[in-house]
Amino acid sequence: SRAFPEHDVYTTPVYFSSDWLNEYWDAVAVDDFRFVYMGPKGSWTPFHADVFRSYSWSANICGRKKWLLYPAGQEEFLKDRHGNLPFDVTAPDLRDKRIYPRYSQSQPPLEILQEAGEIVFIPSGWHHQVYNLEDTISINHNWVNGCNVAVMWCFLQDELAAVQREISQWKDPIDDWHLQCQLIMKSCTGIDYKEFYNFLKVIAENRISILEKGLDEESSSQNNSKAAISTLGMLHAVFDLKRTVKVLSSLSANEDFRKLDLTSLSPSPEALLQHLESAIDTALL
C-alpha cells in the first residue's frame, strides 16, 4: 500500500480515521504504524499491550483468530513477584502463588473468536494474547487521537520515571544524566519528550490549517490524513485542538521537559499554545 498508493488497496474505516499516530509519521516520512500480519495455523502473539498504549484495530482478510483480552489495570494482577508480566497468560505457572502472588485477584480474560471479514478494536492499555486458529492474514493499525493522547502522555511519563529509577545511581557522576534518560527512553519506546512535542505540533498545525484555509478539492478526494479530517468535520478539528492544548500544557509545565534545550523547538511551546488557543477562540466565534 505504501509502495503503490495509486492502487487504493484498502480504505481505513471511518471509526478509526482520526489517526494522529500515522498522520505524524507520514508527515516526517520515516515509517508508520500500519501492518499486514501473516501467520500459519498455530502461530500466536505473546501477552502484550500496544506501542505507546495506543488503540489498535485488526481486520481479518482470511482465517480465524482467538483473542484473550484483559481490561487496562488487570495486568497488575498478572505480574510475578519481581513485577514482570508473563510471556504466556495461559501458562500453568500463573497459578503458583509463590511466583504470581496476585493472580487469583485477576478477572478471566475477554475471549473473542474473530472470523474473516471481522474487525477487532483494542482499547488503550488492554493487554492481549492472540492465536491464529487457521492460516491467517490481517491488516492492523496502531493509532492515537484526541480521545487517548493523554493516555500516551501518561505512558511516556511512566516510561521516563522507570528509566530514571534504573540508572539513578549514576545521576551525580553524569552531567547530562537527564539527556541520557531521554535517550534510553527513546531507544526503548521509540519516542522522547522532544519528539512528542513535535508530534503534537504537527497534529495541531494540520488542524489550524484546516480551520483557517479549509480543504481544497484535491485533498478531499484522496485517501489520506487531511481527507480523513475533512470527513470528520470542522468541529472535530476544534475538538482535536482542545485535546492538544490540554496535553501540550501539561508537557510544557513538566519538570523533565523544561530541563531540555528547548531553543531548537520552533515555535516555542509557549508560542504554539498561544496560537492554538487563539485558533480555537476564532473557530468558536
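This is a predicted model, so every value here is computed, not measured.

K.L.:
Can you walk me through the environment of Y55 in this structure?
P.N.:
Tracing the chain through its elements places Y55 in strand β3 (residues 55–62). Filtering out sequence-adjacent residues up to four positions away, Y55 remains in contact with F121, I122, P123, S124, H141, N142, W143, N145, C147 and N148.

K.L.:
Would you take a moment to explain the packing of helix α4 (residues 193–213) against helix α7 (residues 234–253) for this structure?
P.N.:
Two quantities define a packed helix pair, namely the angle between the axes and the distance from one axis to the other. Taken N-terminus to C-terminus, the directions of α4 and α7 make an angle of 150°; their axes are 9 Å apart at the nearest point. The orientation of α4 with respect to α7, classified from their angle, is roughly antiparallel. Our pair here, α4 against α7, has a crossing hand that is left-handed. Between α4 and α7, the residues in contact are Y193, F196, Y197, L200, I203, A204, R207, I208, I210 and L211 and M234, A237, V238, D240, L241, T244, V247, L248 and L251, respectively. Its residues assigned to classes, the contact of α4 with α7 shows 16 nonpolar, one polar and two charged.

K.L.:
Could you clarify how one ought to interpret the sheet that holds strand β8 (residues 136–143) in this entry?
P.N.:
Strand pairing in a sheet relies on backbone hydrogen bonds. The paired strands run either parallel or antiparallel. Here four strands make up an open sheet; going across it, the order is β1-β8-β3-β6 and the pairing antiparallel. Only two strands of the sheet have a single partner each, and these edge strands are β1 (34–39) and β6 (119–122). Taken pair by pair, the neighbouring strands of this sheet meet at an average axis angle of 20°, ignoring direction. Note: β3 against β8, seven bridges, orientation antiparallel. Looking at the pairing, W57 lines up with H141 of β8. In the packing of helix α1 (residues 20–28) onto the sheet, contacts are made with β1 and β8, and the angle to β8 comes to roughly 85°.

K.L.:
Teacher, can you tell me more about the UniProt feature "domain: JmjC" (unreviewed entry) in the protein chain here?
P.N.:
Here the UniProt-annotated "domain: JmjC" (unreviewed entry) positions come out as residues 1–160. Helix makes up 13% of residues 1–160 and strand 30%, whereas the separation of the span's terminal C-alpha atoms amounts to 35 Å.

K.L.:
Explain the packing of helix α2 (residues 149–166) against helix α3 (residues 177–189) to me, please; I cannot follow it from the model alone.
P.N.:
Close contact between α2 and α3 brings their axes to 9 Å; oriented N to C, the two are set at 120°. Judged by the inter-axis angle, α2 sits oblique to α3. Crossing of α2 over α3 shows right-handed handedness. Facing F155, L156, E159, L160, V163 and Q164 of α2, the residues of α3 in contact are W177, C181, Q182, I184, M185 and T189. Classifying every residue of the contact of α2 with α3 gives eight nonpolar, three polar and one charged.

K.L.:
Looking at this model, I keep getting lost on the domain arrangement of the protein chain. Mind explaining?
P.N.:
When the parts of a complex come together, some accessible area is lost, and that lost area is often taken as the interface size. Taken as a whole, the protein chain is organised into domain 1 (14–143) and domain 2 (148–283). Between the C-alpha centres of domain 1 and domain 2 there is a distance of 25 Å. Contact residues are listed per partner, giving 16 residues for domain 1 and 24 residues for domain 2. Buried surface at the junction of domain 1 and domain 2, both sides included, amounts to about 1,700 Å², of which 69% is carbon and sulfur. For the pair domain 1 and domain 2, the interface holds one salt bridge. E23 is the salt-bridge partner of R207, the closest N and O atoms lying 2.7 Å from each other. Joining domain 1 to domain 2, the criterion identifies six residue pairs in polar contact (both at pLDDT 80 or more). Across the side of domain 1 that touches domain 2, the residue classes break down as 10 nonpolar, four polar and two charged.

Parameters and conventions
- Residues numbered from 1 in each chain as written.
- Predicted model: local features only at pLDDT ≥ 70, side-chain atom pairs only at ≥ 80, totals over all residues.
- Heavy atoms only, no water.
- Helix = DSSP H or I, 4+ residues; strand = E, 2+ residues; numbered from the N terminus.
- Contact = heavy atoms within 4.5 Å.
- Axes fitted to C-alpha atoms, helices over the stretch in contact; angles between N-to-C directions.
- Parallel < 35°, antiparallel > 145°, perpendicular 65-115°, else oblique.
- Left-handed = near helix turned anticlockwise from the far one by under 90°.
- Nonpolar A, V, L, I, M, F, W, Y, C, P; charged D, E, K, R; others polar.
- Pairing = 2+ DSSP bridges.
- UniProt positions renumbered as here; feature names shortened; annotations may be inferred.
- Domains from an automatic or database assignment.
- Buried area = accessible area lost by both parts, 1.4 Å probe.
- Salt bridge = Lys/Arg side-chain N within 4 Å of Asp/Glu carboxyl O.
- Polar contact = N/O pair within 3.5 Å; in protein donor to acceptor, adjacent residues only side chain to side chain.

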